[in-house]
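# Close look at the chain arrangement
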Amino acid sequence: GGNVVTIQDETLSVVMGSTTVTVESDGAVSIEAAGDINLTADGDVNIEAGGNLSLQAQRNATLKAAVNATVEASAAAKLKGATTTIAGMSSFSAG
């Protein structure tokens, strides 16, 4: 099949093969791909949610920083795993 652009009253949809991009008039945007999705920028990449942010992988998830990495919460922060390994120098403080 070919590529399809559909415009309805509340929705714009672009379908190219196994990839679909949908834009709703309420501001919702959906991207579905049978393959990879890559975001690359020469500058910063910022993701901000007015509500919750959820990242989930069916296999492995990796966060890697060339210099420093920070995880911070205003309330509770939890690290959970069947096994947990902390490598490198560790320091702990109450604040």
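Calculation notes
Residues numbered from 1 in each chain as written. Predicted model: local features only at pLDDT ≥ 70, side-chain atom pairs only at ≥ 80, totals over all residues. Heavy atoms only, no water. Pairing = 2+ DSSP bridges. Helix = DSSP H or I, 4+ residues; strand = E, 2+ residues; numbered from the N terminus. Axes fitted to C-alpha atoms, helices over the stretch in contact; angles between N-to-C directions. Patch = residues over 30% accessible without salt bridge, like charges linked within 9 Å, V, L, I, M, F, W, Y side chains within 5 Å. Areas by Shrake-Rupley, 256 points an atom, 1.4 Å probe, with all protein chains shown as cover. Salt bridge = Lys/Arg side-chain N within 4 Å of Asp/Glu carboxyl O. Buried < 20%, exposed > 50% of the residue type's maximum accessible area, 1.4 Å probe, protein only.

Okay, the sheet that holds strand E2 (residues 11-16) next. Strands sit in the order E1-E2-E3-E4 across an open sheet of four strands; the sheet is antiparallel. The open sheet has two edge strands, strand E1 (4-7) and strand E4 (29-33), and neither has a second partner. Strand-to-strand twist across the sheet, computed as the mean angle between neighbouring axes with direction ignored, equals 5°. In this sheet, E4 lies alongside strand E3 (residues 19-24) in antiparallel orientation, the contact comprising five bridges. Paired with threonine 19 across the two strands is alanine 33, which belongs to E4.

This part takes up a nonpolar patch on the surface. Together, Val5, Ile7, Leu12, Val21, Val23, Val29, Ile31 and Ile37 make up an exposed nonpolar region whose accessible area comes to about 720 Å². Every element with two or more residues in the nonpolar patch is listed here: E1, E3 and E4. With a relative accessible area of 53%, isoleucine 31 lands in the exposed category.

Summarising the element assignment, alanine 76 is placed in the segment after E4. Considered as a pair, alanine 76 and phenylalanine 92 are 16 residues apart in the sequence and their alpha carbons are 16 Å apart.

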